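# Structural features, examined
Listed here are the chains, written in short residue letters.
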Amino acid sequence: MKPSIKAALISALVFPGLGHFVLQRRARGCWFLLPSVLAILFLIKVAAARANAILMQIESGTMAQDAQSISAQLAAPAAQDTMVTIAIAVGALCWAGSIIDAFLIKE
């Protein structure tokens, strides 16, 4: 298997930018890896904050402990929806770009 194909598969199936490390293109791989990590960390932070807010409402008694109330709260628009969309787009673009770039590198 050609190294560029192997790198593209690693970037596709494991994490964006990791295939570049196989090709010894570490700096180039970091251009894909770091924004993806930051986007994922931001999404985890937002999800944890929403879960914590729901938990606090349940504990204080302002929301019922049933699946309908919780799903309605989750379906309600959040203040950071635009930033979440941007973070998802950054992650997706880095993932796709990493695959394409690793595949096109000539060894």
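Above this note sits the structure.
Reference entry: report on the structure contained in this document. Sequence order as written defines the numbering, with residues in each chain counted from 1. Thresholds applied to this predicted model are a pLDDT of at least 70 for local features of residues and 80 or more for the giving and counting of side-chain atom pairs; totals over whole chains, interfaces and linings are not thresholded and use all residues. Working from all heavy atoms in the structure, the side-chain values ignore hydrogens and water.

### Comments concerning the overall build of the protein
Counting from the N terminus, the helices are the DSSP runs of H or I reaching at least four residues and the strands are the DSSP runs of E reaching at least two. From N to C terminus, the protein includes 5 helices and 0 strands. Secondary structure elements in the protein, listed N-terminal to C-terminal, are α-α-α-α-α. Compactness check: the protein gives a C-alpha radius of gyration of 19 Å against a globular reference of 13 Å for 107 residues, more than 25% above the reference. Once the C-alpha set of the protein is aligned to its principal axes, its extents read approximately 60 × 20 × 15 Å. For each residue, the accessible area found with a 1.4 Å probe, counting protein chains only, is set against the maximum for its type, and the residue is called buried under 20%, exposed over 50%, and partly exposed in between. Counting all 107 residues of the protein, 25% fall into the buried class. Two residues qualify as a contact provided that any one of their heavy atoms is within 4.5 Å of a heavy atom in the partner residue. Nonlocal contacts in the protein, meaning residues at least 24 apart in sequence, comprise 58% of its contacts between residues at least 6 apart. Both definitions apply: the radius of gyration is a C-alpha atom measure, and the globule rule equals 2.2 Å times residues to the power 0.38.

### Examining unusual backbone geometry
For Gln24, which is not glycine, the phi torsion reads 65° and is therefore positive. Relative to the assigned elements, Gln24 resides in the loop between helix H2 (18–22) and helix H3 (26–60).

### Here's the deal with the pattern of salt bridges
Whenever Lys or Arg places a side-chain nitrogen within 4 Å of a carboxyl oxygen from Asp or Glu, that contact is recorded as a salt bridge. A complete count under the given rule lists 1 salt bridge for this structure. When the shortest N-O distance is used, the salt bridge between Arg28 and Asp101 registers 2.8 Å. Here Arg28, found in helix H3, pairs with Asp101, found in helix H5 (residues 81–104); they are 73 residues apart in sequence, far enough to count as distant. Classification of Arg28 by relative accessible area gives partly exposed; the value is 37%. Relative accessible area serves as the criterion here: at 15%, Asp101 is assigned to the buried category.

### Topic: the packing of H3 against H5
Axis separation between H3 and H5 bottoms out at 9 Å; the angle between their running directions is 150°. Relative to H5, H3 is oriented roughly antiparallel. Of the two possible hands of crossing, H3 and H5 adopt the one that is left-handed. For the pair H3 and H5, contact is made by Arg28, Phe32, Pro35, Ser36, Ala39, Phe42, Leu43 and Val46 and by Met83, Val84, Ala87, Ile88, Val90, Gly91, Cys94, Gly97, Ser98 and Asp101, respectively. Per-class residue counts for the contact of H3 with H5 are 12 nonpolar, 4 polar and 2 charged. Comment: axis = line fitted to C-alpha atoms, over the contacting stretch for helices; angle = value between 0 and 180 degrees taken between N-to-C directions. The cut-offs work like this: below 35 degrees is roughly parallel, past 145 is roughly antiparallel, 65 to 115 is roughly perpendicular, and the gaps in between are oblique. For any pair of crossing helices, the crossing counts as left-handed if the nearer helix is rotated counterclockwise from the farther one by less than a right angle, and right-handed if it is rotated clockwise. Residues are grouped as follows: Ala, Val, Leu, Ile, Met, Phe, Trp, Tyr, Cys and Pro are nonpolar; Asp, Glu, Lys and Arg are charged; all remaining types, including Gly, are polar.

### With respect to H3
With 35 residues, H3 ought to run about 51 Å at 1.5 Å a step, and its terminal C-alpha atoms sit 49 Å apart, in line with that. Of all the bends in H3, the greatest reaches close to 25° and is centred on Phe32; the proline Pro35 follows between one and four positions later. Gly29, Phe32, Leu33, Ser36, Ala39, Val46, Ile54 and Ile58 are the residues of H3 that are buried. Expected span of a helix, by definition, is 1.5 Å for each gap between consecutive residues, and there is one gap fewer than residues. Axes are fitted to the seven residues ending at a residue and to the seven starting at it; the angle between these axes is taken as the bend at that residue.

### Description of the environment of Thr82
Mapped onto the secondary structure, Thr82 falls in helix H5. Residue Thr82 is classed as exposed on the basis of its relative accessible area, which comes to 58%. The sequence separation of Thr82 and Phe15 amounts to 67 residues, and the corresponding C-alpha distance is 24 Å.

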